[in-house]
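Structural characterization, general
Given next are the chains, with one letter for each unit.
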Amino acid sequence: MPSELTTDSTFYDYYQQWVAMYKEGAVRDVTLRKYQLTKMWLSRLIPQLKLSELNRITYQRLLNDYASCHERQTTMDFHHQLKGAVLDAVDEGLIDRDPTRKAIIKGVPPKAKKQKYLNQFELHRLLNDLDLGPEISWDWLILLIAKTGLRFSEAIALTPADFDFSRQIVSISKTWDYKSGTGFVPTKNRSSVRKVQLDWQLVIQFSELTKSMPNDEPIFVRGKVYNSTANSVLERHCRHAQIPVISIHGLRHTHASLLLFAGVSIASVAKRLGHASMNTTQKTYLHIIQELENQDVDLVMRSISSLI
């Protein structure tokens, strides 16, 4: 870190330089934006707090102030964004002792969550409402994500060259930066690089749709792409089909949920979704896994009772 920082420097200044030194150019843009957001909250909550004044009490007060208008999980993320910088400041002798030790994470009660996924009947109604014409459209994107579980950024990055129709697979090796408009960028993580099996209907449909398209150009991108546009199209179809309104990302949850309910293993679902570990899948779909476990218990009890 720059030598001009002392114990009289503000924690905001230290954090700003820490992010510039260790995070810029080392993390994805979406992750860097989270650090920038944390920096903005520091400027709002403790703009003048000196490093010498950062102790367990002042740090806990910072967390409490942030938690007064954020849910507990968001406050936990805020804490984790700060902790790395704080521990480095301790190592550098700018802070005497670790003020994050035994920090208590609070937060406002979570808001009522919107339904994140559709059941099989609702998904059928949605897909029947799509207008799947002879040219690529948002409706085709909705169908593709519903049947593959791809992330939005992965789906819009697909080119005709990514499809291997003879083997019924699509290769995920990149994403499209629709937020900043910089084009192709790497996937979320190494586990996101994968091959996803396609059903024969998708193979026939997309081989026809993409046959006259440039091999290396994204098939869904026409100028500036907005996630909100795709969500608006999906919302219109949900309302017309008289089913719960979900987001494009909700189609990914729908896909995973249907696989789990169909008995597909957590390991296979994690691999298909491109999760870094099965823990991510288990955490995201805990409610479904618990429901399946309850069904398993009922099945076991029925099986045991029939032994006599």
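Refer to the structure presented above.
Residues numbered from 1 in each chain as written. Predicted model: local features only at pLDDT ≥ 70, side-chain atom pairs only at ≥ 80, totals over all residues. Heavy atoms only, no water.

From N to C terminus, the chain includes 13 helices and five strands. Taken over the C-alpha atoms alone, the chain extends approximately 65 × 65 × 35 Å along its principal axes. Expressed as a percentage of the 308 residues in the chain, the buried residues total 42%. Within the chain, contacts between residues at least 6 apart in sequence are counted, and of these 66% link residues at least 24 apart. In the form shown here, the chain has an accessible surface area of approximately 17,300 Å², with 52% of it arising from carbon and sulfur atoms. Across the chain, the mean location of the 39 positive side-chain charges is 3 Å away from that of the 32 negative side-chain charges. (Helix = DSSP H or I, 4+ residues; strand = E, 2+ residues; numbered from the N terminus. Buried < 20%, exposed > 50% of the residue type's maximum accessible area, 1.4 Å probe, protein only. Contact = heavy atoms within 4.5 Å. Areas by Shrake-Rupley, 256 points an atom, 1.4 Å probe, with all protein chains shown as cover. Lys, Arg positive; Asp, Glu negative; His and termini not counted. Charge placed at Lys NZ, Arg CZ, Asp CG, Glu CD.)

Our next topic: the sheet that holds strand β2 (residues 169–172). An order of β1-β2-β5 is seen for the three strands of this open sheet, with the pairing classed as antiparallel. Across the chains shown, the open sheet's two edge strands, defined by having one partner strand only, are β1 (163–164) and β5 (194–197). Of the pairings in the sheet, the one linking β1 to β2 comprises two bridges and is antiparallel in character. Directly across from F163, in β2, lies its bridge partner V170. (Pairing = 2+ DSSP bridges.)

Attention shifts here to the pattern of salt bridges. Inspection of every chain in the model, using the stated rule, returns seven salt bridges. In this structure, the salt-bridge partner of D162 is K174, at a minimum N-O distance of 2.6 Å. Of this pair, D162 sits in the loop between α7 (152–155) and β1 while K174 is found in the loop between β2 and β3 (175–177), placing the two residues 12 residues apart along the sequence. Residue D162 shares its accessibility class with K174, and that shared class is buried. (Salt bridge = Lys/Arg side-chain N within 4 Å of Asp/Glu carboxyl O.)

A word on the packing of helix α2 (residues 29–45) against helix α3 (residues 56–67). Relative placement of two packed helices is described by the angle separating their axes and the distance separating the axes. One way to put it is that α2 packs onto α3 with a least axis distance of 11 Å and a crossing angle of 105°. Considering their axes alone, α2 and α3 lie roughly perpendicular with respect to each other. When α2 is examined against α3, the residues W41, L42 and L45 are found in contact with a partner set consisting of L62, D65 and Y66. By residue class, the composition of the contact of α2 with α3 is five nonpolar, no polar and one charged. (Axes fitted to C-alpha atoms, helices over the stretch in contact; angles between N-to-C directions. Parallel < 35°, antiparallel > 145°, perpendicular 65-115°, else oblique. Nonpolar A, V, L, I, M, F, W, Y, C, P; charged D, E, K, R; others polar.)

What follows covers the packing of aromatic side chains. All chains considered together, the criterion is met by 13 aromatic pairs. Look at F152 and Y178: their rings are 5.0 Å apart centre to centre, the planes differ by 85°, and that puts the pair in the edge-to-face class. Taken together, the residues F152 in helix α7 and Y178 in the loop between β3 and β4 (183–185) connect sequence positions 26 residues apart. As far as burial versus exposure is concerned, F152 and Y178 are alike and both buried. (Phe/Tyr/Trp six-rings, centres within 6.5 Å; stacked < 30°, edge-to-face > 60°.)

Once that is clear, we can look at the pairing of β5. Along β5, the buried face is formed by R194 and V196; none of K195 and Q197, which line the opposite face, is buried. Bridge count between β2 and β5: four bridges; the pairing is antiparallel. Residue pairing in the sheet places I169 in a bridge with Q197 of β5.

Of note in the backbone geometry, Q168 takes a positive phi value of approximately 60° without being a glycine. Tracing the backbone shows Q168 in the loop between β1 and β2. The partly exposed category is assigned to Q168, whose relative accessible area is 29%. Even without being a glycine, Q242 presents a positive backbone phi close to 60°. With respect to the secondary-structure elements, Q242 resides in the loop between α9 (227–240) and α10 (248–261). In this structure Q242 comes out as exposed when scored by relative accessible area, which is 66%.

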